[in-house]
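# Inside the fold
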Amino acid sequence: MPMPPVDLSGEANWTEFDAPSLVGASLRFVSGEPEGDRYRVRYYRNADGALRARIWFGPETEGPPGHAHGGSMAAVMDEVLGLAAWAAGYPIVVGNLNVDFRNLLPLQQVVTVESEILSTSGRKVMVRGRICKGDTVYAEADCLCITIPEQAAAELAGKH
Ligand SMILES: CC(C)(COP(=O)(O)OP(=O)(O)OC[C@H]1O[C@@H](n2cnc3c(N)ncnc32)[C@H](O)[C@@H]1OP(=O)(O)O)[C@@H](O)C(=O)NCCC(=O)NCCS
Ligand SMILES: CCCCCCCCCC(=O)O
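Rules behind the numbers
- Residues numbered from 1 in each chain as written.
- Chains lettered and ligands numbered in written order.
- Predicted model: local features only at pLDDT ≥ 70, side-chain atom pairs only at ≥ 80, totals over all residues.
- Heavy atoms only, no water.
- UniProt positions renumbered as here; feature names shortened; annotations may be inferred.
- Helix = DSSP H or I, 4+ residues; strand = E, 2+ residues; numbered from the N terminus.
- Buried < 20%, exposed > 50% of the residue type's maximum accessible area, 1.4 Å probe, protein only.
- Contact = heavy atoms within 4.5 Å.
- Areas by Shrake-Rupley, 256 points an atom, 1.4 Å probe, with all protein chains shown as cover.
- Near = heavy atom within 4 Å.
- Polar contact = N/O pair within 3.5 Å; in protein donor to acceptor, adjacent residues only side chain to side chain.

The name given to the chain in an unreviewed UniProt entry is Acyl-coenzyme A thioesterase THEM4, with Geothermobacter hydrogeniphilus as the source organism. Under the UniProt heading Sequence similarities (unreviewed entry), the entry covering the chain gives this text: "Belongs to the THEM4/THEM5 thioesterase family."

See the structure below:
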């Protein structure tokens, strides 16, 4: 039996962000089952335009008993921070991702993923993010994104 609905609403000054209209509908590993028991995700931009996500870690993300698998948090970082670069106008793939796990993340609660573009240099776009709820930080990550040629980006996003 599926889990009941969860509240993924954002903050008052956030606006909903339509990821598939930008990058296509391929991001199914994290975003593909909006009513399933793995992740449930909704994307926003904050008032400064930075990407935010509300994410529910369901029972199928379990690693340590009752808590999220580290890889499930890394997958979320990979998707959200890569998407943050796309949302900022950079067609990229992720080249390197470093995750620090700070606290065990209890399952079946809604957390926030914050992101910021730290720097750009040539083809390199550095994005930082964290998974948090209130004052508790569950994970932090630095993500090196590498821009790809326009044609390749259009093909990946299904817009060729
Ligand atoms: C990332 C990728 C596009 C880079 O390949 P490429 O286009 O040939 O680019 P290069 O190897 O010339 O790298 C471009 C720059 O990024 C740097 N870079 C690339 N990957 C890096 C990594 N993992 N760590 C550090 N720097 C890296 C290079 O050093 C280079 O820097 P420079 O311009 O200062 O010399 C390629 O390795 C790739 O497609 N990897 C798979 C990505 C992936 O599957 N991600 C998950 C899904 S999004
Ligand atoms: C059209 C390409 C979409 C890339 C979106 C953001 C990065 C996803 C990260 C990953 O798959 O590892």
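From this point on, the discussion continues.
Across its full length, the chain holds 4 helices and 7 strands. Listing each helix as α and each strand as β along the chain from the N terminus yields β-α-α-β-β-α-β-β-β-β-α. C-alpha atoms of the chain, sized along the principal axes, occupy 45 × 30 × 30 Å. Split into buried and exposed, the 160 residues of the chain put 40% on the buried side. Excluding contacts between residues fewer than 6 apart, the proportion of contacts in the chain whose partners are at least 24 apart in sequence is 64%. With an accessible surface of roughly 8400 Å², the chain has 50% of that area assigned to carbon and sulfur atoms.

Right, let's get into the site of ligand 1. Around ligand 1 lies a shell formed by Val93, Val94, Gly95, Asn96, Arg123, Lys124, Leu144 and Ile146. Gly95 has a polar backbone atom sitting 3.0 Å from a nitrogen atom of ligand 1. Within the complex, 37% of the 940 Å² of free accessible area of ligand 1 lies under protein. At the level of elements, strand 4 (92-101) and strand 7 (136-147) are the ones that each hand at least two residues to the shell around ligand 1. In terms of residues, the shell around ligand 1 owes the most to one element, strand 4, which gives 4 residues.

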